[in-house]
Every structure is written in structure tokens, then in C-alpha cells.
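Inside the fold
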Amino acid sequence: MKNHHLLLQAQAEHGQEVQKSIQKLQGQIQEYENYHHTGNQFLDIILRDKARAAQEMKIDFNTVISFEDSAFIELLDISTIFGNAIDNAIEASGKLPENERLITVRANRVREMLVIVVENNALSQGMQSGNTTKKDTFLHGFGLSNIRTTVEKYGGQCSTKAADGMFTLKIMIPIP
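Treat the numbers as computed from the prediction; the structure is a model and nothing was measured.

Rules and cut-offs
- Residues numbered from 1 in each chain as written.
- Predicted model: local features only at pLDDT ≥ 70, side-chain atom pairs only at ≥ 80, totals over all residues.
- Heavy atoms only, no water.
- Helix = DSSP H or I, 4+ residues; strand = E, 2+ residues; numbered from the N terminus.
- Buried < 20%, exposed > 50% of the residue type's maximum accessible area, 1.4 Å probe, protein only.
- Contact = heavy atoms within 4.5 Å.
- pLDDT = per-residue confidence, 0-100.
- Pairing = 2+ DSSP bridges.
- Phe/Tyr/Trp six-rings, centres within 6.5 Å; stacked < 30°, edge-to-face > 60°.
- Axes fitted to C-alpha atoms, helices over the stretch in contact; angles between N-to-C directions.
- Left-handed = near helix turned anticlockwise from the far one by under 90°.
- Patch = residues over 30% accessible without salt bridge, like charges linked within 9 Å, V, L, I, M, F, W, Y side chains within 5 Å.
- Areas by Shrake-Rupley, 256 points an atom, 1.4 Å probe, with all protein chains shown as cover.
- Salt bridge = Lys/Arg side-chain N within 4 Å of Asp/Glu carboxyl O.

Section: the overall build of the chain
Secondary structure assignment for the chain yields 5 helices and 5 strands. Buried positions account for 37% of the 176 residues belonging to the chain. Within the chain, residue pairs in contact and separated by at least 24 positions form 63% of the contacts whose partners lie at least 6 positions apart.

Concerning the confidence of the model for the chain
For the chain, per-residue confidence averages 84 on the pLDDT scale, and 74% of positions sit at 70 or higher. Confidence over residues 136-140 falls short of pLDDT 50; this stretch has 3 contacts with residues more than four positions distant or in other chains.

Some words on unusual backbone geometry
With the exception of glycine, the majority of residues adopt a negative phi angle, and the majority of peptide bonds are in the trans configuration. Positive phi is not limited to glycine here, since Lys 58 has a value of about 60°. As for its position among the elements, Lys 58 is in the loop between α3 (41-56) and β1 (60-65). Positive phi, close to 50°, is recorded for Asp 164, a residue that is not glycine. Considering the arrangement of structural elements, one finds Asp 164 in the loop between β4 (157-163) and β5 (166-174).

Overview of the environment of Ile 78
Examined against the element boundaries, Ile 78 turns out to sit in helix α4 (residues 75-93). Between the alpha carbons of Ile 78 and Phe 42 there is a distance of 8.1 Å; along the sequence they are 36 residues apart.

Some thoughts on the pairing of strand β3 (residues 113-121)
Among the 9 residues of β3, 7 are classified as buried, and the element is accordingly described as predominantly covered. Pairing of strand β2 (residues 102-110) with β3 involves 8 bridges; the strand directions are antiparallel. For Arg 109, the partnering residue across the bridge sits in β3 and is Leu 114. The turn linking β2 back onto β3 is made up of 2 residues, and Arg 111 within it adopts a positive phi angle of 55°. Bridging between β3 and β5 involves 9 bridges; their strand directions are antiparallel. Its bridge partner lying in β5, Leu 114 is registered against Ile 173.

A few points about the packing of aromatic side chains
Under the defined criterion, the tally for this structure stands at 2 aromatic pairs. With a centroid separation of 5.3 Å and an interplanar angle of 90°, the aromatic rings of Phe 67 and Phe 82 are classed as edge-to-face. Pair noted here: Phe 67 is in the loop between β1 and α4 and Phe 82 is in helix α4, with a separation of 15 residues, a long-range link. For the pair formed by Phe 67 and Phe 82, the shared burial category is buried. Judged by centre distance (5.9 Å) and plane angle (75°), the rings of Phe 72 and Tyr 154 are edge-to-face. In this pair, Phe 72 sits in the loop between β1 and α4 while Tyr 154 sits in the loop between α5 (143-153) and β4, placing the two residues 82 residues apart along the sequence. Note on Phe 72: relative accessible area 24%, which makes it partly exposed. Tyr 154 gets classed as buried once you look at its relative accessible area, which sits at 16%.

A closer look at the packing of α4 against α5
Where α4 contacts α5, the axes come no closer than 9 Å and their chain directions differ by 150°. Regarding α4 and α5, the two cross each other, and that crossing is left-handed. Contacts between α4 and α5 involve Asp 77, Thr 80, Ile 81, Asn 84, Ala 85 and Asn 88 from the first element and Gly 143, Leu 144, Asn 146, Ile 147, Thr 150, Val 151 and Lys 153 from the second.

Notes on a nonpolar patch on the surface
Together, Phe 42, Ile 45 and Leu 75 make up an exposed nonpolar region whose accessible area comes to about 270 Å². Take Leu 75: it is sitting in helix α4.

Spelled out as C-alpha cells, the structure:
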């Protein structure tokens, strides 16, 4: 696809039709490159949505996830964990200059544990672990506590670390 894209760009001066083909091909390449195959189709849907949101905000969004061993986790709990964690990371990264916006999501099995790590660059003053940076604290600030409650439901642990402009959320859940 990328080779076709190069050829079409070279011929772009030949009219609107070629330009439309270029745009269509760029969209197809982008969809292919943004596809996430984690071993859990519901997580794939969440990641595709979050990757699109990150891309719109010009955030470098990277995932390395092997989630085949997650069948014991309820769908809403997968959504609570990954949705809240990535939404928080997108919000924090979006406050940075474009060249500093970065989110990395990793998840895999380590022995008998499912380990999930979400890291993002963030402003140093906005990195109080577990606190919302929004003015309306009544309606916000539940993301991390919801994640923590969900992880504890499975006998797992959740920790956060904020240092050197990097916020890290680490989750460990025992695999039954």
C-alpha cells in the first residue's frame, strides 16, 4: 500500500482523481496501521477507539499487548481498566507540546500474573497520583479509584508513580 501511495503522489499533478485515490489509500493505510490484535476482541475495539482519539490530538500512541489469558475478566471490567487508564493518559498528554505527547500501553502474562502498564508523559504539576486536575472535582477524579476497585475485585494490585515528567500506572492481576 505504501508503494502505491508513493506512485500516486508522484502522479498527483495529473488531476483531482489521483488526489482522491491518494486520500483513500492514506485512510486505508492508517486503518491498517492502527489495528490492534490483542487476543481479546473487546479490548481491540477499545484500543482502536482510543488510538483514534490519541491520533486526533497528535499523541504518539503505542501498544504491545498480549491479552489471550484475560477470559476471566468481565467485559465491563476490561473497559473500566483500559478505558479509564487511556482516557487519563490522553488527557494528560494532550496538555503537553506536540513533540512530547506519548502514551505506551503494555500488557502480557508474567508467570501467573496479568501485568498491565500504562505510561504517559505529563506536566509535572499535574501528576499528583490519583487526583483529578479538573476544576469540577465532584464529577471527576473517579477513574483511578474505579480502576483500583476493579483490579482488587480480581485479587490484584494497582500502583501509580509520577516522576520526571512520566506517569506510570501498573496493574497486576493473578490469573486463576
